[in-house]
Amino acid sequence: MATVLIIGGSGCVGIETTRALLARGVDKVICLSRGTTAVDPIEGVKYVQADILDLSSISTVLSDHAVTHVLHAAGLRTTDCKNSPARAVEVNVTGTTNVLEAIRLYGKIQRFVFTSTAAVYKVPDDGSFVGEQADTIPLNPYTATKLAAEQLIECYALSYQLPATILRPQIIYGPTRGSDGSTAGISQAIKAAQIGKPFTIPFGGRTGFHYSRDVGQQHALALLQSPEHFACYNLPAESLSVADICSAINHHHAKHLVDFIDSSYPFANGLDSSAFLQAFPSAPRTNFADALDF
């Protein structure tokens with residue numbers, strides 16, 4: 001019997017993981033919201049009000065609903081972190097600490113999963129894909145606070161025996177990806193092309209991409225079937241150039257609708273996700289060309 005709490009349930013990862021858990025027959029899924037009502041609620045989900053900056057509110061949710069598993073997918077995005085580094089620390093580090101401490105005091109969590117980012121890696125000079133042991137770099141307040149949160153999670157796993165899994169995706173695209181952040185340009189381009197409108201993706205280069213529905217299934221697997229007490233995994237990604245993506249979208253619609261600005265981000269060309277695939281061999285992986293009609 002599993003009762004899963006989704007922190008960040010209104011975001012792309014939270015929505016897709018919720019749907020994946022329900023499809024797997026999980027007994028109860030609870031989504032945490034800071035507001036009094038849910039936006040676009042999912043049938044069968046219990047929405048509760050709490051805030052990761054208020055430790056007691058998280059503790060109340062855990063105990064009141066007899067939670068057994070927790071996904072923490074909430075946090076400030078890159079631009080918000082850059083504009084307010086103090087707020088980034090407050091939300092991404094202190095907020096995560098509050099969640100971990102509430103879990104420690106509660107003492108009944110069977111698995112904690114944290115959505116981090118593959119943007120923490122130092123980009124290899126040789127263009128190679130990065131594995132989990134590759135060098136990381138606190139390049140900006142977003143990656144610095146994500147790395148700090150990862151360190152805290154590993155600490156709680158080692159010091160307080162919290163079963164924990166960290167997942168590092170690169171760029172997620174799909175139907176539930178919102179418009180916040182420039183990397184949302186991939187999803188916006190697909191959606192614009194579907195209704196015959198032109199769109200310019202605001203970046204270029206090559207990196208790894210994940211279909212949002214796959215990401216939800218992969219998070220569900222990590223929550224329910226993680227084989228290790230503590231592990232950090234790269235999520236399976238398809239390495240593509242943004243030029244390839246534009247070509248695929250335009251070819252799919254048989255007209256030139258999408259282009260891009262040739263300005264690259266400091267992202268690795270792709271991820272070595274062999275450890276994740278070994279731990280979760282049934283994890284789905286959708287090719288970009290097969291995900292254009294979502």
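None of these values were measured; they are calculated from a predicted model. (Residues numbered from 1 in each chain as written. Predicted model: local features only at pLDDT ≥ 70, side-chain atom pairs only at ≥ 80, totals over all residues. Heavy atoms only, no water.)

**Brief notes about the sheet that holds strand 9 (residues 206–211)**
To be explicit about the condition: Two strands are counted as paired when DSSP detects at least two bridges linking them. By definition, any uninterrupted DSSP run of H or I lasting at least four residues is a helix, any uninterrupted run of E lasting at least two residues is a strand, and each is numbered from the N terminus. Every axis in this analysis is a line fitted to C-alpha atoms, fitted for helices over the stretch in contact. Angles between the N-to-C directions lie between 0 and 180 degrees. The criterion used for residue contact is that any of the two residues' heavy atoms lie within 4.5 Å.
Spatially, 7-9-11 is the arrangement adopted by the three strands of the open sheet, whose pairing is mixed. Each edge of the sheet is formed by a strand with only one pairing partner; in this case those strands are strand 7 (171–173) and strand 11 (238–241). For this sheet the average axis-to-axis angle between neighbouring strands, irrespective of direction, equals 45 degrees. Where strand 7 and strand 9 come together, three bridges link them in parallel fashion. Across the sheet, the residue bridging to Tyr173 is Tyr211, located in strand 9. Packing of helix 6 (residues 185–194) onto the sheet brings it into contact with strand 7 and strand 9, and relative to strand 7 it is tilted by some 25 degrees. Running at roughly 85 degrees to strand 11, helix 8 (residues 242–253) makes contact with strand 9 and strand 11 of the sheet.

**Quick look at the sheet that holds strand 10 (residues 230–234)**
Spatially, 3-2-1-4-5-6-10 is the arrangement adopted by the seven strands of the open sheet, whose pairing is parallel. Each edge of the open sheet is held by one strand with a lone partner, namely strand 3 (45–49) and strand 10. The average undirected angle you get between the axes of adjacent strands in this sheet is 20 degrees. As paired elements, strand 2 (residues 28–33) and strand 3 share five bridges and run parallel to each other. Of the residues in strand 3, the one forming a bridge with Cys31 is Tyr47. Across the sheet, helix 4 (residues 85–106) lies against strand 1 (3–7), strand 4 (69–72) and strand 5 (111–115), angled at about 175 degrees from strand 5, the strand it touches most. In this fold helix 7 (residues 212–225) packs onto strand 1, strand 4, strand 5 and strand 6 (164–168), with an angle of close to 150 degrees to the strand it touches most, strand 5.

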